Amino acid sequence: MSKDRQKQQAAKAAADYVAANLEAGAILGVGTGSTVNLFIDTLMPLKEKLGGAVASSEATRQRLVNHGIPILDLNDIDRLAIYVDGADEIDHDFAMIKGGGGALTREKIIACASDTFVCIADAGKRVKRLGRFPLPVEVIPMASRLVAGQLAAMGGKPVLREGFVTDNGNFILDVADLAIHDSQALEADINQITGVVCNGLFAKRGADILLLGAENGVMTYLSSGATLRR
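Residues numbered from 1 in each chain as written. Predicted model: local features only at pLDDT ≥ 70, side-chain atom pairs only at ≥ 80, totals over all residues. Heavy atoms only, no water.

> So what exactly am I meant to see when it comes to the nonpolar core here?
One recurring pattern in soluble globular proteins is that nonpolar side chains are buried together. Counting 27 residues, the largest nonpolar core has Leu-28, Phe-39 and Val-84 as the members making the most contacts within it. If you list the elements that add at least two residues to this core, you get α1 (3-21), β1 (27-30), α2 (34-41), β2 (52-55), β3 (80-85), β6 (114-122) and β12 (209-214). Top contributing element to this core by residue count: α1, with 7 residues. Listed in part, the 21 residues of the second largest apolar core include Val-147, Val-175, Ile-180 and Ala-203. (Core = buried A, V, L, I, M, F, W, Y, C linked by side-chain atoms within 4.5 Å. Buried < 20%, exposed > 50% of the residue type's maximum accessible area, 1.4 Å probe, protein only. Helix = DSSP H or I, 4+ residues; strand = E, 2+ residues; numbered from the N terminus.)

In structure tokens form, the structure reads like this:
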């Protein structure tokens, strides 16, 4: 089965999960990326059930608007029941590397405001150890060189993402060759570097449910305490 077909199946499984678990009129958190775009395209039958959505990027916001789904500001909402997003890598502890699409900061904010984080991905995204995918780090523009030096001192190889500015007006450093043995500790350490806005390790707030498109269909994995209703 092709990677695109795996993504499509994971996206459809996420829409089925939302249909079964989101109360009528509730607000849905929606991430960013190619698999999430497929998920958004499957939401049309649920449009009347949704009270609206909180988008993690301008690209996602526009796609949702194009489908007639109202957009809300997170500041106007107490909590989100469900957040659906993809991952660049996800390990067996449900920690992730995210930010290939550049929306990591808003994605992490929405994830932290959500009761259940549903990760959708193709089989190639599941790994034994994080780190083959370069870790995105969002930085204040004037601090990009300073932060790059600190990341290099930690053993990484940071490269400025050329021609890219986040929706927050910042730059991204993509950091290869980091040794990620304790993802929660590294996430905290990088966030303590002056000039860093956020990094793409989602370990402290990882996924609750993984819907993984695979050769034989969608595999469902639950973290401790997660529930699944069909």
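We are not done yet, so read on.
> Please explain the packing of α2 against helix α3 (residues 58-66) as it appears in this structure.
Packed helices, taken two at a time, are described by their axes: the angle between them and the distance between them. Where α2 meets α3, the axes come as close as 10 Å, and the angle between the chain directions of the two elements is 20 degrees. Regarding the angle of α2 to α3, the classification is roughly parallel. The handedness of the crossing between α2 and α3 is right-handed. Listed contacts from α3 to Asn-37, Ile-40 and Asp-41 of α2 are Thr-60, Arg-63 and Leu-64. Taken together, the residues that form the contact of α2 with α3 break down as 2 nonpolar, 2 polar and 2 charged. (Axes fitted to C-alpha atoms, helices over the stretch in contact; angles between N-to-C directions. Parallel < 35°, antiparallel > 145°, perpendicular 65-115°, else oblique. Left-handed = near helix turned anticlockwise from the far one by under 90°. Contact = heavy atoms within 4.5 Å. Nonpolar A, V, L, I, M, F, W, Y, C, P; charged D, E, K, R; others polar.)

> What am I meant to see in the side chain of Asp-85 here?
Among the structural elements, Asp-85 can be located in strand β3. Take Asp-85: its relative accessible area is 0%, and that puts it in the buried class. Polar contacts involving the side chain of Asp-85 include one to the main-chain amide nitrogen of Thr-32, which spans 3.1 Å. With residues up to four places along the chain from it excluded, the contact list for Asp-85 reads Gly-31, Thr-32, Val-36, Lys-98, Glu-107, Phe-117, Val-118, Cys-119 and Ile-120. (Polar contact = N/O pair within 3.5 Å; in protein donor to acceptor, adjacent residues only side chain to side chain.)

> I would appreciate a short explanation of the pattern of salt bridges in the present structure.
Close approach of charged atoms allows side chains of opposite charge to pair. All chains considered together, the criterion is met by 12 salt bridges. Between Arg-63 and Asp-41 there is a salt bridge, and its shortest N-O distance comes to 2.9 Å. With Arg-63 in helix α3 and Asp-41 in helix α2, this residue pair connects regions lying 22 residues apart in the sequence. What makes Arg-63 partly exposed here is its relative accessible area of 29%. Among the salt bridges present, the one from Arg-79 reaches Asp-115, with a minimum N-O distance of 3.2 Å. One end of the pair, Arg-79, is in the loop between α3 and β3; the other, Asp-115, is in strand β6, with 36 residues separating them in the sequence. (Salt bridge = Lys/Arg side-chain N within 4 Å of Asp/Glu carboxyl O.)

Function-wise, these values are silent; they only describe arrangement.
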